[in-house]
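The lines below spell out each chain.
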Amino acid sequence: MNAVPPPPIGMSVPRLDARAKVTGEATYTIDLGMPGMCHARVLRSPYPHARIRSIDVEAARRAPGVVAVVSAADLSDVDLLYGHAVRDHPILAVERVRHVGEPVVGVVAEDLLAAEEALELVEVDYEPLPFVIDAVEALADDAPAIHAGSAERGAYGGEREAIQRAHPNLCTRIEHGWGDMEAAFGGAALVLDDVYEYPMAYAYAMEPYVAIAAFDAHGLTVVTSAQHAFMVQAELSRCFHLPLSAVRVSIPYVGGGYGSKSYSKIEPLTAALALRAGRPVRLALSIEESMITARSASARIRLATAFDADGRIRGRRATCWVNGGPYAENTPRVAGRMARRVGGPYRIPALAAEALAVYTNAAPAGSYRGLGAPQGVFAGESQLDEAAARLGIDPLELRRRNLLRPGERAWPGARGMDADLVDDLRMAEETLSATPGPASGRDGDPAPAPARPAGAAALAHGARGTGFAVGGSDAGAEPTSSAVVRVLADGSVIVLTGSSELGQGSSTVLAQIAAGELGVDLSQVRLVRSDTALVSYDRSTGASRTTPIMGLAIQRAAADARQVLVGWATALHGREGDRVLEVVEERGGVRVGDRHYGWSRIIQDWFGDGAGEVVGRGYVRRDGVTAELPLFWEVAVIGIDVSVDEELGEIHVHRLATVGDVGCAINPQLAEGQDAGAAMMGLGVALREELRYADGSLVNGNLFEYRVPRPSDLPELCSALAERGDGVGPYGAKGGGEGSLNPVAPALANAVFWATGVRMREAPLTPERVWRALRRARS
Amino acid sequence: MIRPFTLHRPATLDEAIALVHGLPEATFYRGGTELLQVMKMGFARFEHLVDLKPIAELQGVSAGEDGWIRIGAGATHRDISSSGIVARAYPAFAALECRLANPRVRNVGSLGGNLCFAEPHSDPAAFLLAVDARLELQGPTGRRTLTVDEFVLDALTTDLRPAEVLLAILLPPAPDDEIVTCERRAFVERPAASVTCRLRFEDDHVSDARIVVGAVADRPAVARAASESLRGVRLDELEEAARSLPDGLDPLLRYEDDPTISGEYKAHLATVLVRRAVLAAAEARHGI
């Protein structure tokens, strides 16, 4: 770690893509085409669960403009099953459909209209089967089995979660724990045992799923709006029996990911359609289609915590039922994270957490910002405030008594806490107090709310309350990355990175790291991103890993380039006759005696003809500083100030403060933007976002009925960054961007509790839900 | 996806009516905030859209000599919320038009389009029913005038005849002794309840009351029981009367479940909103 990071590290330089994005110059997948490209539409299942008796595509094939009509039966040369955790997801339905909206037939035509018209000519004969949407019901003895037989383990490795088959609908069961539970619960002064519900949510991105695929003599090329180019490449390579080198996945700007574009979504289908069409094919989903393509996993969490009289946690027991939909996708990992994250960043002598990843007939779940943390943190942080109220201890004091101290391990073998959580909590208190907003009668008075007589609120809109919650999750980031830094003959720099620009600003931050490490001006750095034919391997763009892990790879690649350059400079200028001269590295080059040789000069002299370049390589693997997992703790604290309209159950959020413990903010403005965005996304789910099912179908699968927050919904929001240089990444950086989502819902529920005395254990805290809870409590 | 259609831009009303009358699968088009949505979703198909934006008779807000306010059916929500004429006579309506939907809809969506679409989860219809607005229509066979109750028949269903166009919305003069207040709540994109309360005061009591509840069922409806219970109430007892309104306001009113909001909650919501609207009116009356 450098004592003083070089410029432009730590500087809020404007995003390098800002101009292109606001002028519309920036290219997204939908802006691209290929010569001869046709367009695809997808026929989807109207049933949550049904056997397919027959599919008749003949009339559709004869329709004008139609190039290909494809069902699973037409794909015998393709490995139809894909999936990140378990290979159980058919590219097109095989014999059965398992959720409303499942792709059954793809139609490729000269234009979208022809494809749309031909779709109506496809006849599918279904035999409806019993279905189950709820995860707990799906594990009942008589629940309909969603999968017959076992599925192959999927692409991900390195996790200990075993695929277990105790019940046909149990996809995975994960256990996490340590310590003597009996002793912990036996002598407890207080045991709380409650059930918390966190909803399914749609990770609304401005850009819905879209992909273009084409086969040619070299193999398969896919341009797509995805997060992880190399994972899509690996999946396609396997499905289509091609070497990795023959699959090129290229990702232009992505209009928002939030986890929902992790792994393969529509790429295998688009490629299969291109294979049968014999021409490039574009598949672009609508928002409504995207909403039934992926969602977050809802969870029911039964959480029991044993406390000492002084509020110290003695032990915690948790069972998480995780609704993954009919295909495993990433749910086993989400469930695994939930089991690990339900404990929180606290000193817990004994913990027994189990998470059940359950198959249901809801749409497939996948990754969603926070990956299991929002669900677990909602339960854990809500229960801490409940305990504080019961024990008569200030909820922040109760946290301070239990929070892990720097270096302390959450569980045996875990990386020691790389954050000062107690100080982060203090910062959150201060930040919320400093956030402008309406004066609060009860601000800073988190004492248990006195029982309020029924009807006392009457027309007084606004029982006021403040709530806090801490999120400290073991980052899911894997230490597998590589990067290439090319220093060109004029000293300018090209960085090749597998990290995708999802809007999070990573390409600016990564360029800042390269510029800082090589001592060149930021304007001299160009980033080439996320094209498997051009850049070297990066595992993924998610889990807040890009700044710390890809940043580290770039830092190392830059160091590698510098080392080569210093070597060349020494060979060129390190001798004067027989005398060995000292070659000292300095910003942007070397100094020999009183002469400065810039990188450009060294390269040109080395090759001798004014041209040439240096290639620096950087690798990150599970070794050295990145040997211990988690690679870092993603820590954030949220404070919220609300009032509750007790008549209507409406919550008004006045002020929201975030503290993101990022270690070092390479670009503070972008880091704050990530925290603000995450908090806003968390507030959406905390207040109203929830995918709802009735009779096996999603009933609010559009943006009229499913409302995501808009800027006018923003409370007064202040973001503070904790920068203590204690992370594993460049300059002590840790990941950010998920952290500030995780504690929002419990902070809100805690604020509502301190305002009204009513504990909400089900998110979102919709007006109707709060009204019902208040009515129950007051009657 | 939206299917291709031909867009016609006639200069006169007669031309527009003749086009819709004569062309197959043709309809009128103004802001498109509702129409283009349902076309995109495949719920409706039209080969020809006849744009009403160029037609002068459908634009603008004007005050007649008889005291009635004429709002061109093509006037956007923004036109209405920024109209001084509307704001002076019915400030509650101007405020309502200022809050409905979102800025994009308010900028291009028209009041006429809103009514013709008859989406049940809508704000303006309840207000217009409460103040007894008149709707002026013109079709191939002539003009007629309807009340909102006559015009809105059911969810997404109006009394519009083939090729008939809504010309204008007429607001009656606002008497000095009358106060109109609106309250609404939208938890998703469209309102869960939108209520209008129109109270007429005579000396120290309410001489007439008309309470309309919108967005809770197929069409906006007058809450007769609640309206009745406020008539004759003395001003100093109005608060008490407002608090005593029966839950649901009228046994004849229906509150339907929305995908994410129960009818039971909507009944409670409407009751509280009406109570607040009545109290706001009482407060305004005190201020007069």
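Reference entry: report on the structure contained in this document.

### Some details on the overall build of chain A
Here is step 1 of the chain: When helices and strands are counted, chain A shows 18 helices and 34 strands.
Here is step 2 of the chain: Against the 2.2 N^0.38 benchmark of 28 Å for 779 residues, chain A shows a C-alpha radius of gyration of 27 Å, consistent with a compact globule.
Here is step 3 of the chain: In terms of principal-axis extent, the alpha carbons of chain A reach across some 95 × 70 × 50 Å.
Here is step 4 of the chain: Looking at the 779 residues of chain A, the share that counts as buried comes to 64%.
Here is step 5 of the chain: Contacts in chain A between residues at least 24 apart in sequence constitute 81% of all its contacts with a sequence separation of at least 6.
Here is step 6 of the chain: Carbon together with sulfur atoms contributes 51% to the accessible area of chain A, which is approximately 27000 Å² in total.
Here is step 7 of the chain: For chain A, the distance from the average site of its 77 positive side-chain charges to the average site of its 96 negative ones is 2 Å.

### Describing the interface of chain A and chain B
Here is step 1 of the chain: Contacts between chain A and chain B engage 26 residues on the former and 28 residues on the latter.
Here is step 2 of the chain: Together chain A and chain B conceal approximately 2600 Å² of surface at their shared face, both sides included; 53% is due to carbon and sulfur atoms.
Here is step 3 of the chain: Counting across the chain A and chain B interface gives ten salt bridges.
Here is step 4 of the chain: One can count 18 residue pairs in polar contact (both at pLDDT 80 or more) joining chain A with chain B.

### Here we look at the sheet that holds strand 1 (residues 6-8) of chain B
Residues and elements named next belong to chain B.
Here is step 1 of the chain: Taken in spatial order, the three strands line up as 1-3-2 in an open sheet, and their pairing is parallel. Among the strands making up the open sheet, the edge pair consists of strand 1 and strand 2 (26-29). Across this sheet, the average inter-strand angle for adjacent strands is 30°, counted without regard to direction.
Here is step 2 of the chain: Direction of pairing for strand 2 relative to strand 3 (residues 48-51): parallel, over a ladder of four bridges. Paired with Thr 27 across the two strands is Leu 49, which belongs to strand 3.
Here is step 3 of the chain: Where helix 1 (residues 13-22) meets the sheet, its contacts fall on strand 1, strand 2 and strand 3, and the angle it forms with strand 2 comes to roughly 145°.

### Points about the packing of aromatic side chains
Here is step 1 of the chain: Per the counting criterion, the structure on display carries 17 aromatic pairs over all chains.
Here is step 2 of the chain: Between the aromatic rings of A:Trp411 and A:Trp633, the centroid separation amounts to 5.6 Å while the plane-to-plane angle is 65°, which identifies the pairing as edge-to-face. Taken together, the positions of A:Trp411 in the loop between helix 11 (395-402) and helix 12 (421-434) and A:Trp633 in strand 30 (residues 633-645) put the pair 222 residues apart, joining distant regions of the chain.
Here is step 3 of the chain: Since its relative accessible area comes to 13%, A:Trp411 is described here as buried.
Here is step 4 of the chain: Both rings, one in B:Phe187 and one in B:Tyr265, keep their centres 6.2 Å apart while their planes meet at 45°; by these two values the pair is tilted. Here the residue B:Phe187 occupies a position in the loop between strand 11 (178-185) and strand 12 (193-202), and B:Tyr265 occupies one in helix 12 (residues 263-287), the gap between them amounting to 78 residues.
Here is step 5 of the chain: Among the residues examined, B:Tyr265 registers a relative accessible area of 0% and is labelled buried.
Here is step 6 of the chain: Over the face of the ring belonging to A:Phe185 we find A:Arg317, whose NZ or CZ atom lies 4.4 Å from the ring centre.
Here is step 7 of the chain: If you follow A:Arg529 out to its NZ or CZ, it ends over the ring of A:Tyr253, 4.6 Å from the centre.

### Here's the deal with the pairing of strand 28 (residues 595-598) of chain A
Residues and elements named next belong to chain A.
Here is step 1 of the chain: Looking at chain direction, strand 27 (residues 589-592) and strand 28 are connected through four bridges and run antiparallel. Each residue of the ladder has a partner; that of Val 590, found in strand 28, is Tyr 597.
Here is step 2 of the chain: Here strand 27 folds back onto strand 28 in antiparallel fashion, the turn holding two residues, of which Gly 593 has a positive phi close to 60°.

### Comments concerning the nonpolar core
Residue and element names in this part refer to chain A.
Here is step 1 of the chain: Counting residues in hydrophobic clusters, the biggest one holds 115 residues, and the most contacted among them are Ile 301, Ile 640, Val 642, Ile 651, Val 653, Leu 748 and Leu 765.
Here is step 2 of the chain: When sequence neighbours within four positions are dropped, the list of residues in contact with Val 642 reads Ala 463, Arg 464, Gly 465, Ile 651, His 652, Val 653, His 654, Leu 748, Ala 751 and Val 752.
Here is step 3 of the chain: Leu 552, Val 592, Ile 603 and Leu 631 belong to the second-largest nonpolar core, a separate cluster that totals 51 residues.

### Overview of the side chain of A:Ser740
Residues and elements named next belong to chain A.
Here is step 1 of the chain: Mapped onto the elements, Ser 740 comes out in the loop between strand 34 (716-722) and helix 17 (744-756).
Here is step 2 of the chain: Owing to a relative accessible area of 0%, Ser 740 belongs among the buried residues under this scheme.
Here is step 3 of the chain: Separated by 2.9 Å, the side chains of Ser 740 and Asp 675 make a polar contact.
Here is step 4 of the chain: When sequence neighbours within four positions are dropped, the list of residues in contact with Ser 740 reads Ala 636, Ile 638, Thr 658, Val 659, Asp 675, Ala 678 and Ala 679.

### Some words on helix 6 (residues 229-239) of chain A
All names here are of chain A.
Here is step 1 of the chain: With nine of its eleven residues buried, helix 6 lies for the most part within the structure.
Here is step 2 of the chain: Buried residues of helix 6: Ala 229, Phe 230, Met 231, Val 232, Gln 233, Glu 235, Leu 236, Ser 237 and Cys 239, and no others.
Here is step 3 of the chain: After helix 6 finishes, the residue His 241 shows a positive phi value of roughly 55°.

### Some words on the sheet that holds strand 9 (residues 123-128) of chain A
Residues and elements named next belong to chain A.
Here is step 1 of the chain: The strand order across the open sheet built from three strands is 7-2-9, with neighbouring strands paired in antiparallel fashion. Of all the strands in the sheet, the pair left with one neighbour each is strand 7 (96-97) and strand 9.
Here is step 2 of the chain: When strand 2 (residues 50-56) meets strand 7, the two strands line up antiparallel, connected through two bridges. Bridged to Arg 51 within strand 7 is Arg 96.

### What about the state of the cysteines?
Here is step 1 of the chain: All chains considered together, the criterion is met by zero disulfides over all chains.
Here is step 2 of the chain: Between B:Cys197, a cysteine without a disulfide, and B:Cys182, which holds the nearest cysteine sulfur, the sulfur-to-sulfur distance is 9.1 Å.

### Concerning a nonpolar patch on the surface
All names here are of chain A.
Here is step 1 of the chain: A cluster of nonpolar side chains, namely Leu 572, Trp 606 and Phe 607, defines an oily patch on the protein surface of about 270 Å² accessible area.
Here is step 2 of the chain: By secondary structure assignment, the location of Trp 606 is in helix 15 (residues 599-607).
Here is step 3 of the chain: Residue class for Trp 606 comes out partly exposed when judged on its relative accessible area of 36%.

### Observations concerning the packing of helix 10 (residues 373-391) of chain A against helix 11 of chain A
All names here are of chain A.
Here is step 1 of the chain: Here helix 10 crosses helix 11 at 110°, and the two axes come no closer than 9 Å. Classed by the angle they form, the pair helix 10 and helix 11 counts as roughly perpendicular. Here helix 10 and helix 11 pass one another in a crossing that is right-handed. Packed against helix 10, whose contacting residues are Glu 381, Leu 384, Asp 385, Ala 387, Ala 388 and Leu 391, the element helix 11 presents Pro 395, Leu 398 and Arg 399 at the interface.
Here is step 2 of the chain: Of the residues that constitute the contact of helix 10 with helix 11, the class distribution is six nonpolar, no polar and three charged.

### Digging into the side chain of A:Lys265
All names here are of chain A.
Here is step 1 of the chain: Counting through the fold element by element, Lys 265 comes out in the loop between strand 15 (247-250) and helix 7 (267-277).
Here is step 2 of the chain: Residue Lys 265 is classed as buried on the basis of its relative accessible area of 9%.
Here is step 3 of the chain: A polar side-chain atom of Lys 265 sits 2.4 Å from a polar atom in the side chain of Glu 329.
Here is step 4 of the chain: Beyond its immediate stretch of four places on either side in the chain, Lys 265 contacts Tyr 82, Tyr 209, Ser 260, Thr 293, Ala 294 and Glu 329.

### Focus on the pattern of salt bridges
Here is step 1 of the chain: The tally for this structure, following the rule as stated, stands at 96 salt bridges over all chains.
Here is step 2 of the chain: The shortest N-O distance in the salt bridge between B:Arg276 and A:Asp645 comes to 2.8 Å. Taken together, the positions of B:Arg276 in helix 12 and A:Asp645 in strand 30 put the pair across two chains.
Here is step 3 of the chain: With a relative accessible area of 6%, B:Arg276 lands in the buried category.
Here is step 4 of the chain: Assessed through its relative accessible area of 2%, A:Asp645 is described here as buried.
Here is step 5 of the chain: The partner of B:Arg243 in a salt bridge is B:Glu239, and the shortest N-O contact between them spans 2.5 Å. Here B:Glu239 and B:Arg243 lie together in helix 11 (residues 238-243), a separation of four residues that amounts to about one turn.
Here is step 6 of the chain: For B:Arg243, a relative accessible area of 34% puts it in the partly exposed group.

### A short note on unusual backbone geometry
Here is step 1 of the chain: Here the bond from A:Leu629 into A:Pro630 is cis, since omega is -5°, no more than 30 degrees from zero.
Here is step 2 of the chain: Here A:Pro630 is to be found in the loop between strand 29 (613-620) and strand 30.
Here is step 3 of the chain: Its identity is not glycine, yet A:Asp695 carries a phi of approximately 50°, on the positive side.
Here is step 4 of the chain: Positionally, A:Asp695 belongs in the loop between strand 32 (693-694) and strand 33 (697-698).
Here is step 5 of the chain: Here the phi dihedral of B:Glu25 falls at roughly 45°; this positive angle occurs in a residue that is not glycine.
Here is step 6 of the chain: Mapped onto the elements of the fold, B:Glu25 is located in the loop between helix 1 and strand 2.

Cut-offs applied
- Residues numbered from 1 in each chain as written.
- Chains lettered and ligands numbered in written order.
- Predicted model: local features only at pLDDT ≥ 70, side-chain atom pairs only at ≥ 80, totals over all residues.
- Heavy atoms only, no water.
- Helix = DSSP H or I, 4+ residues; strand = E, 2+ residues; numbered from the N terminus.
- Rg over C-alpha atoms; globule rule 2.2 N^0.38 Å.
- Buried < 20%, exposed > 50% of the residue type's maximum accessible area, 1.4 Å probe, protein only.
- Contact = heavy atoms within 4.5 Å.
- Areas by Shrake-Rupley, 256 points an atom, 1.4 Å probe, with all protein chains shown as cover.
- Lys, Arg positive; Asp, Glu negative; His and termini not counted.
- Charge placed at Lys NZ, Arg CZ, Asp CG, Glu CD.
- Buried area = accessible area lost by both parts, 1.4 Å probe.
- Salt bridge = Lys/Arg side-chain N within 4 Å of Asp/Glu carboxyl O.
- Polar contact = N/O pair within 3.5 Å; in protein donor to acceptor, adjacent residues only side chain to side chain.
- Pairing = 2+ DSSP bridges.
- Axes fitted to C-alpha atoms, helices over the stretch in contact; angles between N-to-C directions.
- Phe/Tyr/Trp six-rings, centres within 6.5 Å; stacked < 30°, edge-to-face > 60°.
- Lys NZ or Arg CZ within 6 Å of the ring centre and 35° of its normal.
- Core = buried A, V, L, I, M, F, W, Y, C linked by side-chain atoms within 4.5 Å.
- Disulfide = S-S within 2.5 Å.
- Patch = residues over 30% accessible without salt bridge, like charges linked within 9 Å, V, L, I, M, F, W, Y side chains within 5 Å.
- Parallel < 35°, antiparallel > 145°, perpendicular 65-115°, else oblique.
- Left-handed = near helix turned anticlockwise from the far one by under 90°.
- Nonpolar A, V, L, I, M, F, W, Y, C, P; charged D, E, K, R; others polar.

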